Amino acid sequence: CLGYSQGDSMDFSLTEEQRLIRESAIGMMKQDIAPVLAAHDAGHSLPRDAMAQLYRVFAAQGLTAPRLSAAQGGSEMKMLDYGLVYEQLPAWLAVSVMAHEVTVARIYAEANPAQRERILPKMIAGQWIGGTATSEPGAGSDPRGLTTRITIEGEIAIVNGAKIWVSNGSIADILAVTCIDGTDEKGRNTLSRIVIMRDESPYSVREIPVTGLRQGHLSEIVFEDCRVPAQNILSSGGDAARMLTVTWNGNRPLVGLAAARLAERAFEAAIDHAAIRKQFGKPIAGHQLIQQKLADIETAIMTSRLLCYRALDMMDRGERSNAAAAMAKRHATTACLEAISQAMGVHGGMGLTLEAGLEQLWRDCRMLAVPDATDEILTLIQGREITGIAAFR
């Protein structure tokens, strides 16, 4: 099961249950998701009603709350099993699912029982689409540098500030917004999270035109004296900064698996093209440098996938995974971007055409280097784990 077996030997094959999980995910993609996507322009964000249809599918498959136990209302999936499903989804849709389900997990961790009962059932049922608003125009990897602020006036919380790179931002019914609410004894900003429901507390939303993941809904959100019931401040006493880190550790290898799947699609196309395209009297698959490109692409996919599986398996085992998660995402997004570029090279001039579809895979993969920490921050996280010294604080 991609971990230690009896005798401390390594088993790199999927179990029968894991193979069934992956096959079920492939079937879900073909039967329930692909037809919806095919009915809409791949170059524009998917309409809200189509997303609502997909979220009903995700709820039925347990993907709206995979990190919660059955007793908590979730599907209690192992992170590795979740990864096997996740990598079968189109990258932009995988990011959307992750944004929703990680919002569920964060709300559960930080909410009191009454808040959980009031907020989570419709999110888990896929009736409400959720997202988390953390990054800001002037603050990203350091959440304590945020400036969006909560002030309390009686039973109303007033939120002022701007958030950016909010996945699901323009279609979300509910947002978990990370804000500063004061300072600690060292003068550092303290964080809290508040749940904002768009229908009862309107705010401004603008979708951000981006290079890839264009069917998604990356947005900028502005709160100007946004009035929210104070009962929506998550009040279990949980550490919002710590919860961000815990969920980031799971997100990073998931993003890496999305990159690996994009590269795998490019690899499959490159193999097919190399078999039929002839130069110098034979298929280009018979030329040495083409074979080298194909071998390098396959190696990038395999190493990326195994690093991501390892990081998720470590989480399932309760092991510290900060470095493993950072390593997995950084390697996967970098190696798979290069792999897609190599696949474009196998296609020659055809690799540059819109018709071949490789440029879209490249654009989508390039986007994945940014969410849940850039390569630079991931490098420093891994370096901190190696040396015991933090370079960025």
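Going by the structure above, here's the rest.
Just so it is clear, the structure is predicted and the values come from calculations on it, not from any experiment. (Residues numbered from 1 in each chain as written. Predicted model: local features only at pLDDT ≥ 70, side-chain atom pairs only at ≥ 80, totals over all residues. Heavy atoms only, no water.)

Caption draft 1: Representation of the overall build of the chain within the structure. Check the secondary structure of the chain and you find 10 helices and 11 strands. Relative to the globule expectation of 21 Å for 393 residues, the C-alpha radius of gyration of the chain, 22 Å, shows essentially globular dimensions. Dimensions of the chain along its principal axes, counting C-alpha atoms only, are 80 × 50 × 40 Å. In the chain, which comprises 393 residues, the share counted as buried stands at 50%. Of the contacts formed within the chain by residues at least 6 apart in sequence, a portion of 71% connects residues at least 24 apart. Of the roughly 17,800 Å² of accessible surface on the chain, a fraction of 52% belongs to carbon and sulfur atoms. Treating the 39 positive side-chain charges of the chain as one cloud and the 45 negative ones as another, the clouds have centres 3 Å apart. (Helix = DSSP H or I, 4+ residues; strand = E, 2+ residues; numbered from the N terminus. Rg over C-alpha atoms; globule rule 2.2 N^0.38 Å. Buried < 20%, exposed > 50% of the residue type's maximum accessible area, 1.4 Å probe, protein only. Contact = heavy atoms within 4.5 Å. Areas by Shrake-Rupley, 256 points an atom, 1.4 Å probe, with all protein chains shown as cover. Lys, Arg positive; Asp, Glu negative; His and termini not counted. Charge placed at Lys NZ, Arg CZ, Asp CG, Glu CD.)

Caption draft 2: Region of the structure containing the environment of Phe58. One can find Phe58 in helix H2 (residues 48-60). Given the relative accessible area of 0%, Phe58 is considered buried. Along the primary structure Phe58 and Ile33 are separated by 25 residues, whereas in three dimensions their C-alpha atoms are 9.7 Å apart. With residues up to four places along the chain from it excluded, the contact list for Phe58 reads Ile33, Leu63, Thr64, Leu89, Leu93 and Val97.

Caption draft 3: Summary view of the pairing of strand E6 (residues 174-183). Within E6, 8 of the 10 residues are buried, leaving the element largely enclosed by the surrounding structure. In this antiparallel pair of consecutive strands, E6 and strand E7 (residues 189-197), the connection spans 5 residues, and Gly187 shows a positive phi of 80 degrees. (Pairing = 2+ DSSP bridges.)

Caption draft 4: Representation of unusual backbone geometry within the structure. Positive phi, close to 60 degrees, is recorded for Asp372, a residue that is not glycine. The exposure class assigned to Asp372 is buried, which follows from its relative accessible area of 15%. Positioned with a positive phi, Ala373 is a non-glycine residue whose angle comes to about 100 degrees. Following the sequence through the fold, Ala373 ends up in the loop between helix H9 (358-367) and helix H10 (375-387).

Caption draft 5: Representation of the state of the cysteines. Enumeration according to the criterion identifies 0 disulfides in this entry. The cysteine Cys226 is free of any disulfide, with Cys179 supplying the nearest cysteine sulfur at 9.5 Å. No disulfide involves Cys308; its sulfur sits 7.9 Å from the nearest other cysteine sulfur, which is in Cys336. (Disulfide = S-S within 2.5 Å.)

Caption draft 6: A look at the side chain of Thr178. Structurally, the position occupied by Thr178 is in strand E6. Among the polar contacts listed, one links the side chain of Thr178 to the side chain of Thr134, at a separation of 3.2 Å. (Polar contact = N/O pair within 3.5 Å; in protein donor to acceptor, adjacent residues only side chain to side chain.)

Caption draft 7: Quick peek at the nonpolar core. If you look at the biggest cluster of nonpolar residues, it comprises 73 residues, and the most contacted ones within it are Ile33, Met51, Leu54, Phe58, Tyr82, Tyr86 and Leu368. Put simply, the parts of the chain that give this core at least two residues each are helix H1 (16-38), H2, helix H3 (79-86), helix H4 (91-110), helix H6 (240-276), helix H7 (288-316), helix H8 (322-346) and H9. Leu368 has contacts with Ala91, Val95, Leu213, Val255, Ala258, Ala259, Leu262, Lys329 and Thr333, leaving out every residue within four places of it along the chain. (Core = buried A, V, L, I, M, F, W, Y, C linked by side-chain atoms within 4.5 Å.)

Caption draft 8: Structural detail: H10. Compared with the 18 Å implied by 1.5 Å per residue over 13 residues, the 18 Å span of H10 between its first and last C-alpha is a close match. Within H10 the residues assigned to the buried category are Leu378, Ile381 and Gln382. Down the axis of H10, the smallest arc covering the buried residues is 95 degrees, so these residues share one side. For H10, exposure combined with an orientation more than 90 degrees from the buried face picks out Glu376 and Thr387. Where H10 terminates, the next one or two residues include Gly388, which has phi positive at roughly 80 degrees. (Expected span 1.5 Å × (residues − 1). Arc of directions from axis to C-beta.)

Caption draft 9: The arrangement of the packing of aromatic side chains in detail. One pass over the full model with this rule turns up 3 aromatic pairs. Centre to centre, the rings of Tyr203 and Phe223 are 5.3 Å apart; their planes meet at 65 degrees, and the pair counts as edge-to-face. Of the two residues, Tyr203 sits in the loop between E7 and strand E8 (204-207) while Phe223 sits in strand E9 (residues 219-229), which places them 20 residues apart along the sequence. With relative accessibility at 10%, the residue Tyr203 sits in the buried group. The residue whose ring lies beneath Arg116 is Tyr108, and the NZ or CZ to ring-centre distance is 3.8 Å. (Phe/Tyr/Trp six-rings, centres within 6.5 Å; stacked < 30°, edge-to-face > 60°. Lys NZ or Arg CZ within 6 Å of the ring centre and 35° of its normal.)

Caption draft 10: Geometry of the pattern of salt bridges. Under the defined criterion, the tally for this structure stands at 15 salt bridges. We note a salt bridge from Glu87 to Arg305, for which the minimum N-O separation is 3.0 Å. With Glu87 in the loop between H3 and H4 and Arg305 in helix H7, the pair connects residues that are 218 residues apart, well separated along the chain. Arg305 carries the same exposure label as Glu87, and that label is buried. (Salt bridge = Lys/Arg side-chain N within 4 Å of Asp/Glu carboxyl O.)

Caption draft 11: Layout of a nonpolar patch on the surface. Nonpolar side chains collect at one region of the surface, where Phe12, Met302 and Leu306 lie side by side and expose about 300 Å² of accessible area between them. With respect to the helices and strands, Met302 occurs in helix H7. (Patch = residues over 30% accessible without salt bridge, like charges linked within 9 Å, V, L, I, M, F, W, Y side chains within 5 Å.)

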